[in-house]
Amino acid sequence: MKKIFTVLLFSAMTLTATQSQSVDDVLTKYFESIGGVEKWKELKTMKLTGSVPTPQGEFAFEMNRKAPNKMIISLDVMGQKLIPQAFDGETAWTLNPFTGNTSAQKLPDEQIKDLKRDAVFEDPFIDFAGKGHEVTYEGTGDVDGVKCHILKLVQNKGKGDDESTSSYYFDSESYLPVLVKQTMSNEQMGTQEVDVYMSDYQDIGNGLMMSFNMDTRVGGQSVQAIKITKAVINEEKPDDVFKYPGE
């Protein structure tokens, strides 16, 4: 019995060490491929411009982000400014003139959780343990013929409703993410598996790499595609750009 216990303990320790090493290996190469951790930590603001195709046509969009957790997305739709999502660090809000309401509105509670998570400026894999996240190596997989390493990221581990889980698929050659699988839920749509495919990585400045094409799919069907055409980093961005203007 003692011998069996020793073997089991050794096996568990070996598995943990191997998994930890695999996580370290993948993340080390990932950080190298996107330009290096220190350069990303020095990044304070980012402005992305591009286009979003819709059944009504292709609309120009602009996304502004600022550390540590401010974000605003705006679209030019038929000459009017639509803000589907914004977060000023405290309040999540939206502005949709096509509803007949020309003033900003606070987002409902069920949309705030995901937006607050997405508004965090720093890559969740940077110092993930210190942020209360957990990362595990889940083996390999295939994405459209590309062999990938899979890491499962549990953000805010053990923190109830703030906990969220995503699976990242890293190209085994470039170590750039090509797919992120998430489970999202809301009162209208229930629980859904959401896949975000990423491609066309480009240098946004100072050797930092990010995807310029992102295709979000539900049930295999594309529900939102984003094409970035320009990125500007570390441009001065006052907090008023993100501030909830009141209803």
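Conventions used here
For every chain, the first residue of the written sequence is number 1, and numbering continues from 1 onward in sequence order. Predicted model: local features are reported for residues with pLDDT of at least 70 only, side-chain atom pairs are reported and counted for 80 or more only, and whole-chain, interface and lining totals are derived from all residues. In computing side-chain values, all of the structure's heavy atoms are included and hydrogens and water are not. Every residue is assigned a pLDDT by the predictor, reflecting its confidence on a scale from 0 to 100. Whether two residues are in contact is decided by their heavy atoms, any of which lying within 4.5 Å being enough. A run of DSSP states H or I qualifies as a helix once it reaches four residues; a run of E qualifies as a strand once it reaches two. Both are numbered from the N-terminal end. Partly exposed residues are those whose accessible area sits between 20% and 50% of the maximum for their type, while under 20% is buried and over 50% is exposed, using a 1.4 Å probe and protein chains only. What is meant by a nonpolar core is a set of buried Ala, Val, Leu, Ile, Met, Phe, Trp, Tyr and Cys residues, joined one to another through side-chain atoms within 4.5 Å.

Asks: Explain the confidence of the model for the protein chain here, please?
Replies: Caution applies to low-pLDDT regions: their predicted coordinates should not be interpreted in detail. Confidence in the prediction for the protein chain averages 89 pLDDT; 89% of positions are at 70 or higher. Every residue in residues 1–18 scores below 50 in pLDDT, and together they form 0 contacts with partners more than four places removed in sequence or on other chains.

Asks: It is not clear to me how unusual backbone geometry should be interpreted in this structure. Could you clarify?
Replies: Note on backbone geometry: most residues besides glycine have negative phi, and most peptide bonds are trans. Between A67 and the following residue, P68, the backbone shows a cis peptide bond with an omega angle of 5°. The topology assignment puts P68 in the loop between β2 (57–66) and β3 (70–77). Even without being glycine, D144 reaches a positive phi, approximately 50°. Positionally, D144 belongs in the loop between β7 (134–143) and β8 (146–155). The residue Y175 is not glycine, and still its phi comes out positive at about 60°. Residue position: Y175 is located in the loop between β9 (164–171) and β10 (177–186). The class of Y175 is buried, set by a relative accessible area of 12%.

Asks: Where do I start with the nonpolar core in this structure?
Replies: Proteins that are soluble and globular tend to have nonpolar side chains buried together. If you look at the biggest cluster of nonpolar residues, it comprises 40 residues, and the most contacted ones within it are L27, W40, M46, F125, L151 and I204. Top element by residues in this core is helix α1 (residues 2–33). It accounts for 5 residues. Setting aside residues up to four positions removed in sequence, L151 forms contacts with V23, V26, L27, F125, V135, T136, Y137, S166, S167, Y168 and F170. In terms of nonpolar packing, the next biggest core, distinct from the first, is built from 8 residues, A86, W93, F242 and Y244 among them.

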